[in-house]
Amino acid sequence: MKFYLISDNIDTQMGMRMAGIEGTVVHTVEEVTAALDSAAADEEIAVVLMTEKLVKLCRDKVYKIKLSQRRPLIVEIPDRHGSSGAIEAISKYVEEAIGIKL
């Protein structure tokens, strides 16, 4: 089973390639959809890494695959310019749950 990257920038692709993960760089909704369909059709690809910008661009398509197919697992990764906001979400949850601001 392999990992596959769908990225919106070459820097992320090059970094993942150094780790042995192949991928593609796309920018439009049509390109993202085609890359996802291709990855889902490839029996060897178990995990698709996608930059957060592309997940936002095609959120409905990504969640349709996540909810209706067992494979591939789609993992949203931060790109070089941002983060997914996980730290902020956890901090807010802790603050709401126990009243302590981190």
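Residues numbered from 1 in each chain as written. Predicted model: local features only at pLDDT ≥ 70, side-chain atom pairs only at ≥ 80, totals over all residues. Heavy atoms only, no water.

**Overview of the nonpolar core**
Ranked by size, the top nonpolar core spans 15 residues in total, and within it I6, V32, L36, V48, M50 and I74 carry the most contacts. Counting residues per element, the ones that place at least two in this core are α2 (29-41), β3 (45-51), α3 (52-57) and α4 (59-68). The element best represented in this core is α2, accounting for four residues. Counting six residues, the second largest nonpolar core, distinct from the first, contains A46, V47, L49 and I77. (Core = buried A, V, L, I, M, F, W, Y, C linked by side-chain atoms within 4.5 Å. Buried < 20%, exposed > 50% of the residue type's maximum accessible area, 1.4 Å probe, protein only. Helix = DSSP H or I, 4+ residues; strand = E, 2+ residues; numbered from the N terminus.)

**Brief notes about the side chain of R71**
Counting through the fold element by element, R71 comes out in the loop between α4 and β4 (73-77). Within the structure, R71 has its side chain in polar contact with the backbone oxygen of I45 (distance 2.9 Å). Each residue touching R71, except ones within four places of it in the same chain, is listed here: A39, A40, D42, E43, I45 and A46. (Polar contact = N/O pair within 3.5 Å; in protein donor to acceptor, adjacent residues only side chain to side chain. Contact = heavy atoms within 4.5 Å.)

**Considering α2**
One turn of the α-helix equals 3.6 residues, which is why residues spaced by three or four share an orientation. Taking 1.5 Å as the rise per residue, α2 with 13 residues should run 18 Å; its terminal C-alpha atoms sit 18 Å apart, in good agreement. All buried positions along α2 are accounted for by V32, A35, L36, A39 and A40. The buried residues of α2 occupy an angular sector of 130° when the element is viewed end-on, so they sit on one face. With respect to the buried face of α2, the exposed residues turned more than 90 degrees away are E30 and A41. The inward-facing, buried residues of α2 abut β1 (2-7), β2 (23-25), β3, α3, α4 and β4. (Expected span 1.5 Å × (residues − 1). Arc of directions from axis to C-beta.)

**A short note on the environment of H27**
Within the secondary structure layout, H27 lies in the loop between β2 and α2. Residues H27 and D8, 19 residues apart in the sequence, show an inter-C-alpha distance of 5.7 Å. Residues within four places of H27 in sequence aside, it is in contact with D8 and L57.

**Details of the packing of α2 against α4**
Two elements in contact, α2 and α4, have axes separated by 10 Å at closest approach and are oriented at 15°. Here α2 is positioned roughly parallel relative to α4, judged by the angle of their axes. Classified by chirality, the crossing of α4 by α2 is right-handed. Residues T33, L36 and D37 of α2 touch α4, and the partners they reach there are K61, V62 and I65. Here the contact of α2 with α4 is built from residues that sort into three nonpolar, one polar and two charged. (Axes fitted to C-alpha atoms, helices over the stretch in contact; angles between N-to-C directions. Parallel < 35°, antiparallel > 145°, perpendicular 65-115°, else oblique. Left-handed = near helix turned anticlockwise from the far one by under 90°. Nonpolar A, V, L, I, M, F, W, Y, C, P; charged D, E, K, R; others polar.)

**What about the sheet that holds β1?**
If you walk across this open sheet you meet the four strands as β2-β1-β3-β4, and the pairing is parallel. Whereas interior strands pair on both sides, the edge strands pair on one side only; in this sheet they are β2 and β4. If you compare each strand with its neighbour and ignore which way they point, the axes differ by 20° on average. Seen against the sheet, α2 touches β1, β2, β3 and β4 and runs at an angle of roughly 160° to β3. (Pairing = 2+ DSSP bridges.)

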